[in-house]
Amino acid sequence: MHTLLRVTCLVAILSLVFGATSFAQQSRSATATAVRPPSGGGGTAEIAQNALTFKRAELTRQLREIQRCISDASNPIVLRDPQGNINRVPQTDLINCARKLGQLQRQLSSLQRQSNALAQDATFQSILLQDALQIAQRKVRAGERAR
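No experiment lies behind these values; they were computed from the predicted model shown. (Residues numbered from 1 in each chain as written. Predicted model: local features only at pLDDT ≥ 70, side-chain atom pairs only at ≥ 80, totals over all residues. Heavy atoms only, no water.)

## Considering the overall build of the protein chain
Assigned secondary structure in the protein chain consists of 3 helices and 2 strands. Starting at the N terminus and ending at the C terminus, the protein chain contains elements arranged as α-α-β-β-α. Summarising the internal contacts of the protein chain: among those between residues at least 6 apart in sequence, 85% fall at separations of at least 24. As displayed, the protein chain offers around 10,800 Å² of accessible surface, 57% of which is attributable to carbon and sulfur atoms. (Helix = DSSP H or I, 4+ residues; strand = E, 2+ residues; numbered from the N terminus. Contact = heavy atoms within 4.5 Å. Areas by Shrake-Rupley, 256 points an atom, 1.4 Å probe, with all protein chains shown as cover.)

## Focus: the nonpolar core
The biggest cluster of nonpolar side chains holds 13 residues, and the ones touching the most others in it are Leu59, Ile66, Ile70 and Leu101. Elements with a minimum of two residues in this core: helix H2 (44-73) and helix H3 (89-146). Residue contributions to this core peak at 7 residues, all from H3. Excluding its chain neighbours within four sequence positions, the residues that come into contact with Ile66 are Cys97, Lys100, Leu101 and Leu104. (Core = buried A, V, L, I, M, F, W, Y, C linked by side-chain atoms within 4.5 Å. Buried < 20%, exposed > 50% of the residue type's maximum accessible area, 1.4 Å probe, protein only.)

## Structural notes on the pattern of salt bridges
Enumeration over the complete set of coordinates arrives at 2 salt bridges. Notably, a salt bridge pairs Glu58 with Arg61, separated by 2.5 Å at the nearest N-O pair. One end of the pair, Glu58, and the other, Arg61, are both in helix H2, 3 residues apart, so they sit about a helical turn from each other. Using a relative accessible area of 34% as the deciding quantity, one classes Glu58 as partly exposed. We classify Arg61 as partly exposed; its relative accessible area is 39%. As a salt-bridge pair, Arg61 and Glu65 come within 3.3 Å of each other at their nearest N and O atoms. Of this pair, Arg61 and Glu65 both sit in helix H2, 4 residues apart, which is roughly one turn of that helix. Given a relative accessible area of 37%, Glu65 falls into the partly exposed group. (Salt bridge = Lys/Arg side-chain N within 4 Å of Asp/Glu carboxyl O.)

## Thoughts on the state of the cysteines
Per the counting criterion, the structure on display carries 1 disulfide. The side chain of Cys69 participates in a disulfide bridge whose partner is Cys97; the two sulfur atoms lie 1.4 Å from each other. Remark: Cys97 occurs in helix H3 and Cys69 occurs in helix H2; sequence separation between them is 28 residues. Classification of Cys69 as partly exposed rests on a relative accessible area of 23%. Assessed through its relative accessible area of 1%, Cys97 is described here as buried. (Disulfide = S-S within 2.5 Å.)

## Overview of the environment of Leu104
Within the secondary structure layout, Leu104 lies in helix H3. Judged by relative accessible area, Leu104 falls into the buried class, the value being 4%.

## Things to note about H2
Note on helix geometry: an α-helix contains 3.6 residues per turn, so any two residues three or four positions apart are oriented the same way. Here H2 is 30 residues long and its end C-alpha atoms lie 43 Å apart, about the 44 Å a rise of 1.5 Å per residue gives. Of the residues making up H2, those classed as buried are Leu52, Arg56, Leu59, Leu63, Ile66, Ile70 and Ala73. (Expected span 1.5 Å × (residues − 1).)

## Quick word on the environment of Ser115
Mapped onto the secondary structure, Ser115 falls in helix H3. Separated by 63 residues in sequence, Ser115 and Leu52 place their C-alpha atoms 7.2 Å apart.

## Notes on the environment of Cys69
Here the alpha-carbon distance between Cys69 and Ala98, two residues 29 residues apart in the chain, equals 9.3 Å. Not counting the four nearest positions on each side in its chain, Cys69 is found in contact with Asp93 and Cys97.

Structure, rendered in structure tokens:
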């Protein structure tokens, strides 16, 4: 039972690590390119992307903390109190770490959904900007022909 829980936690950690890697690749490839350089500060998509990046960094930090928790709780040493009773704290810690890991997995999947929604919004905004640029170019060409 103990080794099964340990293997399950290890598989979950690895899925989080690979999920974070694919999230980083998707968030980089899903950014919209500006048609012209912005005159002011960052756009809303850029601000939202930065917020998601900070959240991902926080989840990564928490993931390392849980990895340490699992490695500490998986210590095979049996602890006994002065009366000779077995101390169940390491097993309880392992269960708590597994719960935290599940919570982080849910947060990571939520972050992935937010990233996908942001990528779709950025793609839509990019299309709108390209259409506006084409309309402006047509107006300039029509104005040159009228002269």
